Amino acid sequence: KIEEYPASASKRAQGQGIVYDMFPRHVADKLMAGEAVPDDRAECATVFFSDIVGFTSLSATLESHQVSEMLDRLFGKMDAAAKSI
């Protein structure tokens, strides 16, 4: 549950944007409405850890949307590889 603190409208909107960036929409909707989010279960799950060599210096030279797009492509390929196993 997300607790409300007095904040300006722009701060609230920014906070809501972060919630929607971090969680799937159905989860973010419940959190923003102050509702409990039921646990999800999965029979099988894969956890992928990675260390991208040179990421810090590379990301310092790119715009934030470029970093996001690069990571989206990378993890999309990893998802596809994991599904093919």
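Reading the values: the criteria
- Residue numbers here run from 1 along each chain, matching the order of that chain's written sequence.
- In view of the model being predicted, local features appear only for residues whose pLDDT reaches at least 70, and side-chain atom pairs are presented and counted only at 80 or more, with totals across whole chains, interfaces and linings using the full set of residues.
- No hydrogens and no water enter the side-chain calculation; it runs on all heavy atoms of the structure.
- Method remark: on a 1 Å grid restricted to protein atoms, a set of points is classed as a cavity if a 1.4 Å probe fits but cannot get out and as a pocket if it is open with protein on both sides within 12 Å along at least five of seven lines; lining residues have an atom within 4 Å of a point.
- Grid points are joined across faces, edges and corners, and a volume is the space filled by probe spheres set on the points.
- Each residue gets one of three labels, nonpolar for Ala, Val, Leu, Ile, Met, Phe, Trp, Tyr, Cys and Pro, charged for Asp, Glu, Lys and Arg, and polar for the others, Gly among them.
- The predictor reports its confidence for every residue as pLDDT, a score running from 0 up to 100.
- Strands here are runs of E lasting at least two residues and helices are runs of H or I lasting at least four, both read from the DSSP assignment and numbered beginning at the N terminus.
- Here, a salt bridge means any side-chain nitrogen of Lys or Arg that lies within 4 Å of a carboxyl oxygen of Asp or Glu.
- Only protein chains enter the accessibility calculation, which uses a 1.4 Å probe; a residue is then buried when its area is under 20% of its type maximum, exposed when over 50%, and partly exposed in between.
- Working note: the arc is built from the helix axis to C-beta atom directions.
- Residues forming no salt bridge and having over 30% relative accessible area are the ones grouped into patches, like charges within 9 Å of each other and nonpolar side chains (Val, Leu, Ile, Met, Phe, Trp, Tyr) within 5 Å.
- Only the protein chains shown count as cover for residues, and all accessible areas are computed by the Shrake-Rupley method using a 1.4 Å probe.
- Whether two residues are in contact is decided by their heavy atoms, any of which lying within 4.5 Å being enough.

## Structural notes on the layout of surface pockets
- A volume near 170 Å³ is recorded for the second largest pocket.
- As for the second largest pocket, its lining consists of Thr46, Phe48, Phe75, Met78, Asp79, Ala82, Lys83 and Ile85.
- Residue composition of the lining of the second largest pocket, by class: five nonpolar, one polar and two charged.

## A few points about the confidence of the model for the protein chain
- Summarising the model, the protein chain shows a mean pLDDT of 83, and 82% of its residues fall at 70 or more.
- Within the protein chain, the lowest mean pLDDT, 71, falls on helix α1 (residues 9–22), and the highest, 93, falls on helix α3 (residues 55–60).

## Some thoughts on the pattern of salt bridges
- Under the defined criterion, the tally for this structure stands at two salt bridges.
- A salt bridge links Arg25 to Asp29; the nearest nitrogen and oxygen atoms lie 3.8 Å apart. Note that Arg25 and Asp29 are positioned in helix α2 (residues 25–32) at a spacing of four residues, about one turn of the helix.
- Residue Arg25 is classed as exposed on the basis of its relative accessible area, which comes to 56%.
- Put simply, Lys30 and Glu35 hold a salt bridge, and the shortest N to O gap is 3.4 Å.

## Looking at α2
- Among all positions of α2, only Val27, Ala28 and Leu31 are buried. Summarising the axial view, the buried residues of α2 lie within an arc of 95°, below the 170-degree limit, and thus occupy one face.
- One or two residues past the end of α2 sits Gly34, with phi positive at roughly 75°.

## Digging into a nonpolar patch on the surface
- Among the surface-exposed residues, Phe48, Leu74, Phe75 and Met78 lie close enough to one another that they form a single nonpolar patch of about 310 Å² accessible area.
- Among the residues examined, Leu74 registers a relative accessible area of 31% and is labelled partly exposed.

## Quick look at the environment of Phe75
- Checked against the element boundaries, Phe75 lands in helix α4 (residues 64–83).
- Taking the C-alpha atoms as reference points, Phe75 and Phe48, 27 residues apart in sequence, are found 9.4 Å from one another.
- With sequence-adjacent residues up to four places away left out, Phe75 is seen in contact with Phe48 and Ser50.

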